[in-house]
Every structure is written in C-alpha cells, then in structure tokens.
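The chain contents come next:
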Amino acid sequence: MTLKEAYSYAVTFLERNGVNESDFKALCIVCSILNIKNSEYESHINDFVPNKKLADMLWKLKDGQPLQYVLGKWDFYESEFYVGQGVLIPRPETEELVEKAIDYIKTLSKCIVYDLCAGSGCIGLSIAKKCKNAFVYLIEKSDEALPYLNKNANGIENAKIIQGDICKIDNFSDLENADVIISNPPYIKSDDIAVLQSEVLKEPLMALDGGKDGLDFYRIINDNWNNKLNKYGKLFLEIGNEQGKDILPILSNFDNVTVLKDIYGNDRMVVADKK
C-alpha cells in the first residue's frame with residue numbers, strides 16, 4: 001500500500017484498539033518505515049510501504065509497547081538515540097537539564113563530566129557532542145541498557161562508558177575527579193510505581209524506582225559522590241515535580257543548592273556547588 005493508505009489504515013487500527021494519540025503514532029510509524037521525517041510525509045504519500053512491517057509495528061502498539069520502543073529510536077536534544085526494552089525513554093523535560101549543563105560547561109576550559117545512571121546516554125552524549133572541551137564518563141549499571149548506550153556512543157571520541165553501580169563508590173576510586181556531575185536518577189516512589197501509565201510500566205523498574213520516598217539516589221549522590229567533584233565543581237540533577245522542597249536538606253554536602261522550574265512551571269532541576 002502507499003504511504004497515504006498505510007497512514008489511514010494505521011489510524012483506524014489504532015483507534016479501534018483503544019490506543020491513544022492514534023494520529024500521531026500512526027504518522028510516526030509509517031514515516032519511520034520509509035526512514036523519513038514526519039514533516040516529509042506529504043512529499044512521499046505515494047511511496048510503497050511494506051504491509052508486514054506495518055502490521056508488526058501496529059500489533060506492538062496494540063499490545064501496549066511504548067511508541068519509542070516500537071520505533072527503536074527517539075529524538076532528544078539535537079540527536080537521535082537508539083532505545084528499546086530495558087532502557088529509559090528520553091523525555092523532553094530532561095533536555096532543559098542538558099541545556100543548563102552545556103551552558104555552564106562552555107564557560108570552562110577542559111573539563112571532566114560524569115553522567116550517573118546514564119541509561120541510553122542521551123544526557124552525557126548530548127553534552128559530549130556539544131562540548132568538545134569536555135570528556136564525559138557515562139556510568140550505567142544495567143546489562144539491558146548497555147547495548148543501547150554503546151550503540152549511541154559509537155564514534156564519539158570524548159566519551160567513555162563505564163558499567164558500574166553508583167551505590168558502590170569504592171569501585172570508582174581510580175576514576176579521575178570531575179568538574180561536573182549530572183544525573184537523571186530513578187526518583188519515583190516505590191508505592192507509586194503500580195499506578196503509573198501502562199506504557200511507562202514497560203520501562204525498566206531499575207530506572208524508575210527511587211525508593212520509599214523517591215529520594216534514595218539523591219542521598220547516594222550526596223553521600224558518595226561529593227568527594228569525586230573537583231574544587232568549584234558543579235552538580236546538575238533532574239528531580240520529580242513534587243521533590244523541590246524535599247531535596248534541599250538531602251544535599252547537605254553541597255552549597256548553593258537551587259531548584260529550577262521547567263517550561264511547565266514544575267520543579268524539575270537542581271543545580272548545586274561543591275562545598
């Protein structure tokens with residue numbers, strides 16, 4: 001069938017099966033099959049779309065798989081990142097954290113950056129691509145996330161992947177100290193996981209569960225990683241939109257802890273200085 005026919009069929013299929021945002025998801029999958037941008041749809045409406053590939057993607061959406069996993073990649077900041085089952089999906093609010101960090105890193109000379117809980121690498125690799133004065137260490141524990149992280153980092157010379165658990169700081173004793181630490185750690189309360197949207201529940205629990213109050217990993221960063229920052233080092237964190245007040249007493253080993261809001265007016269980022 002043509003691209004136009006495939007799009008029409010996909011919208012109808014998704015609507016009948018109760019999949020939300022059916023128009024947008026249909027457009028994304030039919031364009032991805034032809035490896036074109038959504039904005040190029042109109043100029044390719046008569047191109048041929050393989051029926052089997054379309055059917056496979058539609059059934060995955062019907063089964064509740066996130067659109068990003070079905071597509072196998074997703075846009076973040078200025079790049080496209082490979083994603084799939086076992087890795088957290090990059091989200092637009094995290095781009096604001098990256099932008100803040102890049103603006104700061106560009107004021108420095110050569111610097112070392114840690115991306116803790118790196119996942120797909122969307123944070124650290126975006127920084128590495130934009131800031132040639134930075135060398136970025138991307139630290140990730142998950143065996144499932146590592147293939148995506150490695151694939152996304154391919155060819156980026158100022159980035160290095162380290163598989164490790166940030167809870168075990170002694171394992172990083174030989175790692176050179178950083179000028180910047182950035183992280184989007186798990187921050188959802190354990191008891192809130194069950195009521196998340198069904199698509200979010202397809203994402204790895206390891207990347208979502210922040211413990212009883214959602215703040216476990218911020219305690220780990222405060223207690224273990226402050227000493228891995230150089231003098232005048234800076235910390236950048238993403239937080240949940242209800243964690244702004246709670247984060248302040250936790251980051252006791254840092255100075256000038258500032259909570260910043262995202263474009264929607266929600267608490268979303270924390271910037272702090274080495275004490």
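Basis of the calculations
- Residues numbered from 1 in each chain as written.
- Predicted model: local features only at pLDDT ≥ 70, side-chain atom pairs only at ≥ 80, totals over all residues.
- Heavy atoms only, no water.
- Helix = DSSP H or I, 4+ residues; strand = E, 2+ residues; numbered from the N terminus.
- Rg over C-alpha atoms; globule rule 2.2 N^0.38 Å.
- Buried < 20%, exposed > 50% of the residue type's maximum accessible area, 1.4 Å probe, protein only.
- Contact = heavy atoms within 4.5 Å.
- 1 Å grid on protein atoms, 1.4 Å probe; cavity = no way out; pocket = protein on both sides within 12 Å on 5 of 7 lines; lining within 4 Å.
- Points joined across faces, edges and corners; volume = space filled by probe spheres on them.
- Nonpolar A, V, L, I, M, F, W, Y, C, P; charged D, E, K, R; others polar.
- Disulfide = S-S within 2.5 Å.

A. Molecular detail of the overall build of the protein. Broken down by element type, the protein carries nine helices and nine strands. Relative to a compact globule of 275 residues, whose C-alpha radius of gyration would be 19 Å, the protein shows 20 Å and is just as compact. Judged by the C-alpha coordinates and their principal axes, the protein covers about 60 × 40 × 35 Å. The 275 residues of the protein split such that 51% are buried.

B. Focus on helix H8 (residues 216–225). Regarding H8, the residues found buried are Phe217, Tyr218, Ile220, Ile221, Asn222 and Trp225. The secondary structure elements touched by the buried residues of H8 are strand S3 (111–116), strand S4 (134–140), strand S6 (178–183), strand S7 (229–238), helix H9 (244–250) and strand S8 (254–261).

C. Here's a closer look at the layout of surface pockets. Of the pockets and cavities examined, the second largest pocket occupies roughly 160 Å³. Residues of the lining of the second largest pocket, tallied by class, amount to four nonpolar, four polar and one charged.

D. A look at the state of the cysteines. Considering all chains together, one arrives at zero disulfides under this definition. With no disulfide of its own, Cys117 has Cys167 as its nearest cysteine by sulfur position, at a separation of 7.8 Å. Of the residues examined, Cys167 reaches a relative accessible area of 36% and is grouped as partly exposed.

E. Layout of the environment of Lys52. Turning to its location among the elements, Lys52 is positioned in helix H3 (residues 51–62). On the accessibility criterion, Lys52 (60% relative accessible area) is exposed. As a C-alpha pair, Lys52 and Asn256 span 204 residues in sequence and 56 Å in three-dimensional space.

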